[in-house]
Amino acid sequence: MSGHLGPALSRIVLASNNAGKLREFSALNAFGIDLVPQHALRVGEAPEPHPTFIENALEKARHASRVTGLPALADDSGLCVHALGGAPGVYSARYAQLAGGEKSDAANNARLLDVLRAHADRRAYYYCVLVLVRHVDDPEPLIADGRWHGEILTEGRGGHGFGYDPLFYVPALQASAAQLQPEVKNAHSHRALALAELIRRLKNTW
């Protein structure tokens, strides 16, 4: 396949208002894709009512495509802890809020440490799924995912990143995600792995 995917995918709406994600997904520009954040096209946030990452990503992609009439790319991601049966999972961003606390990274990290206090198994992974739909009724969305394996520390380390990054230790890099420089994190993260898989599938499928 050539570097370009043709006019049907020349402009894609990113179903997110996160500027960081737009930068991370800039590798798609090599395929002649103009990736436009949804706020630039007056697309509001989609609901995320589902219990799985894939369903929420599909919800967001279809919503953006429905409003704009364009192909749409969405992601859903979170932290999954083995000892907690995969929690906080899709509820990662509001983990503390669901227990009556505030919605903040600090509160989420504090709750995670509290519920893990009695567990010896600290294994965890960050998960990301990407969904690309050519149109709202696309019967065969392109789906790619990535897992970034690590373990949960007993206290935070580092000042970079966001979310659970200070608690997420990566043995292969001997650092927490929050101790990594952004360019290093973005080369190893769950989102980077999912994007690499998406690009591979674009080359081979579309």
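Residues numbered from 1 in each chain as written. Predicted model: local features only at pLDDT ≥ 70, side-chain atom pairs only at ≥ 80, totals over all residues. Heavy atoms only, no water.

Q: I would appreciate a short explanation of the environment of Gly 101 in the present structure.
A: By secondary structure assignment, the location of Gly 101 is in the loop between strand S3 (72-81) and helix H3 (105-116). By relative accessible area, Gly 101 is classed as partly exposed at 39%. With 44 residues separating them along the chain, Gly 101 and Ala 57 place their C-alpha atoms 26 Å apart. (Helix = DSSP H or I, 4+ residues; strand = E, 2+ residues; numbered from the N terminus. Buried < 20%, exposed > 50% of the residue type's maximum accessible area, 1.4 Å probe, protein only.)

Q: For this particular structure, what's the right way to read the sheet that holds strand S5 (residues 142-152)?
A: Where strands meet in a sheet, backbone hydrogen bonds hold them as pairs that are either parallel or antiparallel. In spatial order, the strands read S2-S1-S3-S4-S5-S6-S7; together these seven strands make up an open sheet with mixed pairing. Edge strands, defined here as strands with exactly one partner in the open sheet, are strand S2 (34-37) and strand S7 (175-176). In this structure, strand S1 (residues 11-14) lies alongside S3, joined through two bridges in parallel fashion. By the bridge assignment for S3, Val 13 is matched with Ala 72. Packed onto the sheet, helix H2 (residues 53-68) meets S1, S3, strand S4 (123-133) and S5 and runs at close to 160° relative to S3. (Pairing = 2+ DSSP bridges. Contact = heavy atoms within 4.5 Å. Axes fitted to C-alpha atoms, helices over the stretch in contact; angles between N-to-C directions.)

Q: Help me understand the pattern of salt bridges, please; the structure alone is not making it clear to me.
A: Here the idea is simple: oppositely charged side chains can pair when their charged atoms come close. Applying the stated rule across the entire model yields ten salt bridges. A salt bridge links Arg 11 to Asp 34, with the nearest nitrogen and oxygen atoms 3.7 Å apart. Residue Arg 11 is located in strand S1, and its partner Asp 34 is located in strand S2; the two are separated by 23 residues in the primary sequence. Shared partners join several salt bridges into a network, and the residues in it are Glu 48, Lys 60 and Asp 76. (Salt bridge = Lys/Arg side-chain N within 4 Å of Asp/Glu carboxyl O.)

Q: When you look at the side chain of Asp 75 in this model, what are you seeing that I'm missing?
A: Within the secondary structure layout, Asp 75 lies in strand S3. When its relative accessible area of 2% is taken as the criterion, Asp 75 is described as buried. A polar contact is formed between the side chain of Asp 75 and the side chain of Arg 191, at a distance of 3.2 Å. (Polar contact = N/O pair within 3.5 Å; in protein donor to acceptor, adjacent residues only side chain to side chain.)

Q: Before we go on, may I ask you to explain the packing of aromatic side chains in this structure?
A: In this description, a pair of aromatic rings is defined by centroid distance and the angle of the planes. A complete count under the given rule lists four aromatic pairs for this structure. Note on Phe 53 and Tyr 127: the rings are 5.1 Å apart at their centroids and 45° apart in plane angle, and the pair reads as tilted. With Phe 53 in helix H2 and Tyr 127 in strand S4, this residue pair connects regions lying 74 residues apart in the sequence. Phe 53 sits in the buried class, given a relative accessible area of 11%. The buried category is assigned to Tyr 127, whose relative accessible area is 12%. Ring geometry for Tyr 126 against Phe 168: centres 4.6 Å apart, planes inclined by 50°, an arrangement best described as tilted. (Phe/Tyr/Trp six-rings, centres within 6.5 Å; stacked < 30°, edge-to-face > 60°.)

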